[in-house]
Amino acid sequence: MPNTFLERLNSGTVMVSDGATGTNYQKMGLGLGVPPEEWVIDEPHNVLALHRAFVEAGSDIILTCSFGGTRIRMRDSKYAERAPEINFRAAQLARQAASQRDGVLVGGSLGPTGQLCEPYGELTHDAAVSAYAEQAAALTDGGVDFLILETFFALEEAVAAIEGVKRASALPLVVSFSYDQGTRTMMGLRPSQVVAAIAPLGVAAIGANCGKSLDTMEQIVAELSAQRAGIPLWIKPNAGLPRMVGDVAEYDISPEMMAAYATRFVRAGASVVGGCCGSTPAHVAAIAQAVKAVAREDALPTLSLSETSHDLRG
Amino acid sequence: MTHDDTLKALYDNTVNGKVAEVKELTQQGLNTDLDPIAMLYQALLPALQEVGRRFEIGDFFVPEMLMSARAMQGALNLLRPLLAAQGEKSLGKVVIGTVKGDVHDIGKNLCNIMLEGAGFEVFDLGVNTSPEKFVEAVRKHEPEIVGMSAFLTTTMPMIKVNIEALKKAGLRDKVAVMAGGAPVTAEYAARCGADYYCPDASATARKAKEILGAQGDAPGGALAEAVAAVEKMMSVAEPLDTV
């Protein structure tokens, strides 16, 4: 069966992903220090509600609440022994929310383990491979359309994760890094180095998410585009950096500002745009509206004939 | 190889994270009666401070820092018994931990390395550290400084909870509180009631030294000389090679 996600990516259609998970859950009452994945079991209605809000806002893609769902990262959770079940259920919840509008796709989210791989840390390649294989298998069984490794910062861990995912699942795989030092990851990687190392491993798209600012994300998009690796780009920046108001993290970037940058990312070659930390459904709605306007412009190169183009736009 | 050559090589190899070479050079220094204090203060500590400086300006990243720290630790393992015999004392004690609900310890571990490298005795409480555990450790180890690290916007409010717990236990006045971690800002740390904000590992070690200086427990002559040497070196350092 052809994969809809791959078909759309390769047809050049621009897709809008969703916004943040953790920061929105916080506003919905996620307790201090509680891993969002626990809500899959404890507050499934809230998980569904946020997914639905993104679908209503215009997301073509929503991501499962399973970012911290590797067995390794869940070690200290009260559901440490139920990691595969959480991933399976997270996939089903997203699937359920996606069904409210035709064509909404579900991406299974897999984040870093939080540990450093050898030689810099204790985590062995084999342990990482098997943790990601287990998570990918559970998400695939739960019914996602594709898988995404997001917010990665170390090549060793990403390579092990790709190996694990491919061992367990035949679904398309997106690999997205966080350049939180500006245009470098915490481990000092530049976008060009990531593309050089990851592109040959056979991935559906390469991305950048989270990170430092919209401006640095624009530099990253430019560098990724310049690689011309023939691989679609996935871009999901933060709504700026958090400012704490009491115990709540506030993000200052407005939906309009996010949308303006999303438009620029699309013009620079991004196939999928969305938001990371701090991005609310309102941000996604603004992005969706702006990005669709870009698509219309592209379809109508004779925009100067405003009357005609207006008619054609229907 | 003269003693000066050995010290220079020790410095260069530590900066470049050459674990095996640093160990070999340290042993070679000991075999040729090179003073362990000289190796520590004229090569290893300045090297680690240089690594910290490059980290702060974005020239070095976590991998380089970890390899240098590992090289330094290899050398310290050889030197420590001799330094202890010479009565070399620690600069002070630091209790450090990642806050409750947070399992991220890469940044905190870098702080440990920089603090140990700077001559502090570090008591690491690990990750997911409850306020009770912070209180208990401060009571038991009587540190001058306690450090709290949070990586998530969802866990950073624990810094304040920990400080409240220290107050309640009557220990708040006995320690200086340092706070840091990816989402933590100077403003936020201050609002939580922390005394100092540390944006990264290198700044943590620098700040810790300042704190103890402020408490009248200034570093000894040899260290003061080393610090002066490093400061001089830094003042002639090349401008930022921004990306």
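Parameters at a glance
Within each chain, residues carry numbers counting from 1 in the order of the written sequence. Written order determines the labels here, with chains lettered from A and ligands numbered from 1. Totals for whole chains, interfaces and linings use all residues, but because this is a predicted model, local features are given only for residues with pLDDT of at least 70 and pairs of side-chain atoms are given and counted only at 80 or more. Throughout, a residue-residue contact means that the two C-beta atoms, derived from backbone geometry, are no farther apart than 7 Å. Numbering goes from the N terminus for both helices and strands, where a helix is a DSSP run of H or I of at least four residues and a strand is a run of E of at least two. Only Asp, Glu, Lys and Arg are considered charged in this grouping, and only Ala, Val, Leu, Ile, Met, Phe, Trp, Tyr, Cys and Pro are considered nonpolar; every other residue, Gly among them, is considered polar. For helices, the fitted line uses only the C-alpha atoms of the stretch in contact; every axis is such a line through C-alpha atoms, and the angle between N-to-C directions lies from 0 to 180 degrees. Throughout this description, any angle smaller than 35 degrees is read as roughly parallel, any larger than 145 degrees as roughly antiparallel, any in the 65 to 115 degree range as roughly perpendicular, and the remainder as oblique. Two helices that cross are described as forming a left-handed crossing if the nearer one is turned anticlockwise from the farther one by less than a right angle, and a right-handed crossing if clockwise. Domain segmentation is taken from an automatic or database assignment of domains. Two strands qualify as a pair provided DSSP detects at least 2 bridges between them. A helix is expected to span 1.5 Å multiplied by its residue count minus one. Partly exposed residues are those whose C-beta has more than 12 but fewer than 20 other C-beta atoms within 10 Å; with 20 or more the residue is buried, with 12 or fewer it is exposed, and the C-beta atoms are placed from the backbone.

1. Some details on the interface of chain A and chain B
Point 1. Contact with chain A, which involves 23 residues of that partner, is made by 20 residues of chain B.
Point 2. For the side of chain A that touches chain B, the secondary-structure elements that each account for two or more residues are helix 2 (22-27) and strand 8 (242-245) of chain A.
Point 3. For the side of chain A that touches chain B, the element with the most residues is helix 2 of chain A, which contributes 3 residues.
Point 4. Residues belonging to the side of chain A that touches chain B are distributed by class as follows: 10 nonpolar, 9 polar and 4 charged.

2. Some details on the packing of helix 2 (residues 19-31) of chain B against helix 4 (residues 62-85) of chain B
Two measures define how a pair of helices packs: the angle their axes make with one another and the distance between the axes.
Residues and elements named next belong to chain B.
Point 1. Remark: helix 2 packs on helix 4, axes separated minimally by 8 Å, with the N-to-C direction vectors making an angle of 25 degrees. Judged by the inter-axis angle, helix 2 sits roughly parallel to helix 4. Classified by chirality, the crossing of helix 4 by helix 2 is right-handed. From helix 2, Val19, Val22, Lys23, Thr26, Gln27 and Leu30 reach across to helix 4, where they touch Met67, Arg70, Ala71, Gly74, Ala75, Leu78 and Leu79.

3. Points about the domain arrangement of chain B
Residue and element names in this part refer to chain B.
Point 1. The assigned domain composition of chain B is domain 1 (3-89 + 219-235) and domain 2 (93-214).
Point 2. Between the C-alpha centres of domain 1 and domain 2 the distance comes to 25 Å.
Point 3. Taken together, the contact pairs 12 residues of domain 1 with 13 residues of domain 2.
Point 4. Of all the secondary structure elements, the ones that give two or more residues to the side of domain 1 that touches domain 2 are helix 3 (36-56) and helix 4.
Point 5. Counting residues per element, the side of domain 1 that touches domain 2 draws most heavily on helix 3, which supplies 6 residues.

4. Some thoughts on the sheet that holds strand 4 (residues 176-180) of chain B
Residue and element names in this part refer to chain B.
Point 1. A sheet is described by the order of its strands in space; here 5 strands give the open sequence 2-1-3-4-5, paired in parallel fashion. The outermost strands of the open sheet, each flanked by one partner alone, are strand 2 (121-124) and strand 5 (196-197).
Point 2. Of the strand pairs in this sheet, strand 3 (residues 145-149) and strand 4 are connected by 5 bridges, and their pairing is parallel. By the bridge assignment for strand 4, Ser149 is matched with Gly180.
Point 3. Of the strands in this sheet, strand 1 (93-98), strand 2 and strand 3 touch helix 6 (residues 131-141), which is tilted by about 165 degrees from strand 1.

5. Some thoughts on the sheet that holds strand 7 (residues 233-237) of chain A
Note: strands within a sheet are paired through backbone hydrogen bonds, in either parallel or antiparallel orientation.
Residues and elements named next belong to chain A.
Point 1. Taken together, the 8 strands give an open sheet; going across it, the order is 1-10-7-6-5-4-3-2, and neighbouring strands pair in parallel fashion. Every interior strand has two partners, whereas the edge strands, strand 1 (15-16) and strand 2 (61-63), have only one.
Point 2. Bridging between strand 5 (residues 173-177) and strand 6 (residues 205-210) involves 4 bridges; their strand directions are parallel. Each residue of the ladder has a partner; that of Phe177, found in strand 6, is Ala208.
Point 3. Packed onto the sheet, helix 1 (residues 4-11) meets strand 1, strand 3 (105-110), strand 4 (146-152), strand 6 and strand 10 (270-273) and runs at close to 100 degrees relative to strand 3.

6. Brief notes about unusual backbone geometry
Point 1. The omega angle of the peptide bond from Glu118 of chain A to Pro119 of chain A is 5 degrees, so this bond is cis rather than trans.
Point 2. Relative to the helices and strands, Pro119 of chain A resides in the loop between strand 3 and helix 6 (125-141).
Point 3. Here the phi dihedral of Asp33 of chain B falls at roughly 60 degrees; this positive angle occurs in a residue that is not glycine.
Point 4. Structurally, Asp33 of chain B can be placed in the loop between helix 2 and helix 3.
Point 5. For Glu142 of chain B, which is not glycine, the phi dihedral falls at a positive 50 degrees.

7. Comments concerning helix 6 of chain A
Residues and elements named next belong to chain A.
Point 1. Its 17 residues place the ends of helix 6 24 Å apart at the C-alpha level, agreeing with the 24 Å of an ideal helix rising 1.5 Å per residue.
Point 2. Of all the positions in helix 6, only Ala128, Val129, Ala131, Tyr132, Glu134, Gln135, Ala136, Ala138, Leu139 and Thr140 are classed as buried.
Point 3. Contacts from the buried residues of helix 6 go to helix 5 (83-98), strand 3, strand 4 and helix 7 (155-168).
Point 4. Among the residues trailing helix 6, Gly143 stands out with phi positive, at a value near 105 degrees.

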